[in-house]
Amino acid sequence: MIMSDLITEVITETGGDTSDTTLQSAMLIFAKGALRRFPLFSRDRLLIDTSYATMSASNYLTVPTGFLREIAIYYLESGVKKYIEKLTESDFGAVANSTSSGNPLYYRIVGNVIEFDKTTTLLIYVEHYKTIDEVTASSTFPGDNSMIEILKDGIKATYYSDYVEDTAKGNAKFALFKAGLDELESKFMMLEQGNYINEA
């Protein structure tokens, strides 16, 4: 669904004027705010990306665009993933040597830099959670219909709380929004872990 159509639906559902360009712009801002909460409260495959870059005889890479946090960092060797282990600052300091070259074994992230224990020219893959808030009115929302409804609840929560200052409606819509995000997390866990809980 195109964001402008989604916003029109929200304005109609809240009883607003769909020709009000100021309200349309505000709703887009509310949508971006709601989208920023998706990866804070839930995981979904929509929020996962795999980025890659070649290290040019160096021991670091800049984090990918839209990067929130890593899931795994690896390189391929004869088609097999070779995972690079994340270390704490003190442990990384004990093994890192920027003058040593070869395939990296360890990494750490400082600010927007992924630093490796060795210098290399490898193609490095970064599987990571990403932001999805870089949208315009003409952007197509990449989620399914259930995610559209969750997003609409998030937009309405901000609209009622901050724009028309109806705290009760805002809180009710935020509760629906949070419940939707929790359900996304539950679905993700079922897909990743299966349907059964194993007894310890």
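Our subject in this report is the structure included herewith. (Residues numbered from 1 in each chain as written. Predicted model: local features only at pLDDT ≥ 70, side-chain atom pairs only at ≥ 80, totals over all residues. Heavy atoms only, no water.)

Another point: the overall build of the protein chain. Across its full length, the protein chain holds 5 helices and 8 strands. Reading the protein chain from its N terminus to its C terminus gives the helix and strand order α-α-β-β-β-β-β-α-β-β-β-α-α. A compact globule built from 200 residues should have a C-alpha radius of gyration of about 16 Å, whereas the protein chain, at 21 Å, is more than 25% larger. In the protein chain, which comprises 200 residues, the proportion classed as buried is 38%. Taking all contacts inside the protein chain whose residues are at least 6 apart in sequence as the whole, residues at least 24 apart take part in 67%. In the structure as shown, the protein chain presents an accessible area of about 11,300 Å², 50% of it carried by carbon and sulfur atoms. If the 18 positive side-chain charges of the protein chain are averaged to one point and the 28 negative ones to another, these points end up 2 Å apart. (Helix = DSSP H or I, 4+ residues; strand = E, 2+ residues; numbered from the N terminus. Rg over C-alpha atoms; globule rule 2.2 N^0.38 Å. Buried < 20%, exposed > 50% of the residue type's maximum accessible area, 1.4 Å probe, protein only. Contact = heavy atoms within 4.5 Å. Areas by Shrake-Rupley, 256 points an atom, 1.4 Å probe, with all protein chains shown as cover. Lys, Arg positive; Asp, Glu negative; His and termini not counted. Charge placed at Lys NZ, Arg CZ, Asp CG, Glu CD.)

The next subject is the sheet that holds strand β8 (residues 123-130). The strand order across the open sheet built from 4 strands is β1-β8-β3-β4, with neighbouring strands paired in antiparallel fashion. The outermost strands of the open sheet, each flanked by one partner alone, are β1 (48-54) and β4 (80-83). Taken over all neighbouring pairs, the strand axes of this sheet differ in orientation by 35° on average, direction set aside. The pairing of strand β3 (residues 67-77) with β4 spans 4 bridges and is antiparallel. What sits directly across from Tyr75, in β4, is Lys82. (Pairing = 2+ DSSP bridges. Axes fitted to C-alpha atoms, helices over the stretch in contact; angles between N-to-C directions.)

On to the packing of helix α1 (residues 3-13) against helix α4 (residues 145-163). Close contact between α1 and α4 brings their axes to 10 Å; oriented N to C, the two are set at 55°. Accordingly, the angle class assigned to the pair α1 and α4 is oblique. When you trace α1 past α4, the crossing you get is right-handed. Between α1 and α4, the contacting residues are Met3, Leu6, Glu9, Val10 and Glu13 on the first element and Ile148, Leu151, Lys152, Ile155 and Lys156 on the second. In terms of residue class, the contact of α1 with α4 is built from 6 nonpolar, no polar and 4 charged. (Parallel < 35°, antiparallel > 145°, perpendicular 65-115°, else oblique. Left-handed = near helix turned anticlockwise from the far one by under 90°. Nonpolar A, V, L, I, M, F, W, Y, C, P; charged D, E, K, R; others polar.)

Attention now goes to the pairing of β8. Relative to β8, β1 runs antiparallel, the two sharing 7 bridges. Paired with Ser51 across the bridge in β8 is Val126. Looking at chain direction, β3 and β8 are connected through 6 bridges and run antiparallel. When the sheet's bridge partners are listed, Tyr74 is paired in β8 with Tyr125.

For the rest of this paragraph, the subject is the sheet that holds strand β5 (residues 85-86). Across a sheet, paired strands are connected by hydrogen bonds in the backbone, their directions being either parallel or antiparallel. As summarised here, the arrangement of the 4 strands in space is β2-β7-β6-β5, forming an open sheet in which the pairing is mixed. Each end of this open sheet is capped by a strand with a single partner; those strands are β2 (58-62) and β5. Direction of pairing for β2 relative to strand β7 (residues 113-120): antiparallel, over a ladder of 4 bridges. Following the sheet pairing, Tyr60 is matched in β7 by Glu115.

This brings us to the nonpolar core. If you look at the biggest cluster of nonpolar residues, it comprises 31 residues, and the most contacted ones within it are Met3, Met27, Leu35, Phe38, Phe141, Leu151 and Ile155. Elements represented by at least two residues in this core include exactly α1, α2 (21-41), α4 and α5 (167-193). With 9 residues, α2 is the single largest residue contributor to this core. Discounting residues that sit within four places of it in the chain, Met27 has contacts with Ile7, Val10, Ile11, Thr14, Ile155 and Tyr159. If you look at the next biggest cluster of nonpolar residues, it comprises 13 residues, including Met55, Phe67, Ile84 and Ile114. (Core = buried A, V, L, I, M, F, W, Y, C linked by side-chain atoms within 4.5 Å.)

A word on the packing of aromatic side chains. What describes a pair of aromatic rings is the distance from one ring centre to the other and the angle between the planes of the rings. Under the defined criterion, the tally for this structure stands at 9 aromatic pairs. One aromatic cluster in this structure is built from Phe30, Tyr159, Tyr160 and Tyr163. Above the plane of the ring of Tyr129 lies Arg69, whose end atom (NZ or CZ) is 4.4 Å from the centre. (Phe/Tyr/Trp six-rings, centres within 6.5 Å; stacked < 30°, edge-to-face > 60°. Lys NZ or Arg CZ within 6 Å of the ring centre and 35° of its normal.)

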